Amino acid sequence: MKKFTDGEAISTLDPKLACDAANILAVDKILELALQCLATCSQNRPSMRRCAEILWRIRKEYREALASDVSSLSSYSMS
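Keep in mind the model is a prediction, meaning the values are calculated, not measured.

(A) Molecular detail of the overall build of the protein. Of regular secondary structure, the protein possesses four helices and zero strands. Reading the helices (α) and strands (β) of the protein from amino to carboxyl end gives α-α-α-α. Looking at the protein alone, contacts between residues at least 24 apart form 39% of all its contacts between residues at least 6 apart.

(B) Highlighting the nonpolar core. Listed in full, the five residues of the largest apolar core are Ala-26, Leu-33, Cys-51, Ile-54 and Ile-58. Of all the secondary structure elements, the ones that give two or more residues to this core are helix H3 (21–37) and helix H4 (48–78). Tallying contributions element by element places H4 first for this core, with three residues. Sequence-distant contacts of Ala-26, defined by excluding residues within four places in its chain, comprise Ile-58 and Tyr-62.

(C) Quick look at the pattern of salt bridges. Counted under the stated rule, the structure contains four salt bridges. Across the pair Arg-50 and Glu-53 runs a salt bridge whose closest N-O atoms are separated by 3.4 Å. In this pair, Arg-50 and Glu-53 both sit in helix H4, three residues apart, roughly one turn of the helix. We note a salt bridge from Arg-57 to Glu-61, for which the minimum N-O separation is 3.9 Å. With Arg-57 and Glu-61 both in helix H4, this residue pair falls four residues apart, about one helical turn. Exposure remark for Arg-57: the relative accessible area of 38% places this residue in the partly exposed category. Judged by its relative accessible area of 22%, Glu-61 is partly exposed.

(D) Focus on the environment of Asn-23. Residue placement: Asn-23 occurs in helix H3. The exposure class of Asn-23 is buried, given its relative accessible area of 8%. For Asn-23 and Ala-65, which are 42 residues apart along the polypeptide, the C-alpha to C-alpha distance reads 8.8 Å. Beyond its immediate stretch of four places on either side in the chain, Asn-23 contacts Ile-10, Leu-17, Ala-18 and Tyr-62. At 2.9 Å, the side chain of Asn-23 and the backbone oxygen of Ala-18 are in polar contact.

(E) Here's a closer look at H3. Across its 17 residues, H3 extends 24 Å between first and last C-alpha, which sits within 8% of the 24 Å expected from 1.5 Å per residue. For H3, the full list of buried residues reads Ala-22, Asn-23, Ala-26, Val-27 and Leu-33. End-on, the buried residues of H3 take up no more than an arc of 125°, which puts them together on one face.

What counts and how
- Residues numbered from 1 in each chain as written.
- Predicted model: local features only at pLDDT ≥ 70, side-chain atom pairs only at ≥ 80, totals over all residues.
- Heavy atoms only, no water.
- Helix = DSSP H or I, 4+ residues; strand = E, 2+ residues; numbered from the N terminus.
- Contact = heavy atoms within 4.5 Å.
- Core = buried A, V, L, I, M, F, W, Y, C linked by side-chain atoms within 4.5 Å.
- Buried < 20%, exposed > 50% of the residue type's maximum accessible area, 1.4 Å probe, protein only.
- Salt bridge = Lys/Arg side-chain N within 4 Å of Asp/Glu carboxyl O.
- Polar contact = N/O pair within 3.5 Å; in protein donor to acceptor, adjacent residues only side chain to side chain.
- Expected span 1.5 Å × (residues − 1).
- Arc of directions from axis to C-beta.

By themselves, these figures tell us nothing about what the structure is for.
The following block contains the structure:
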């Protein structure tokens, strides 16, 4: 939990995972969802449908972030 709040969650899950923007964003959002699912009161936990929606959105944002990184690297290497 401390590493998550300190912004170091990615190293907790897999120290070999690249600490790029796309991975950090995805891991942080997935852990945030996991914490919501652990709420003590069931009314505060998201439904499975909501979890699926959030996971699909995280996947989409991850792919967009990866594409953005690749295009920025491509334009940088062409300069």
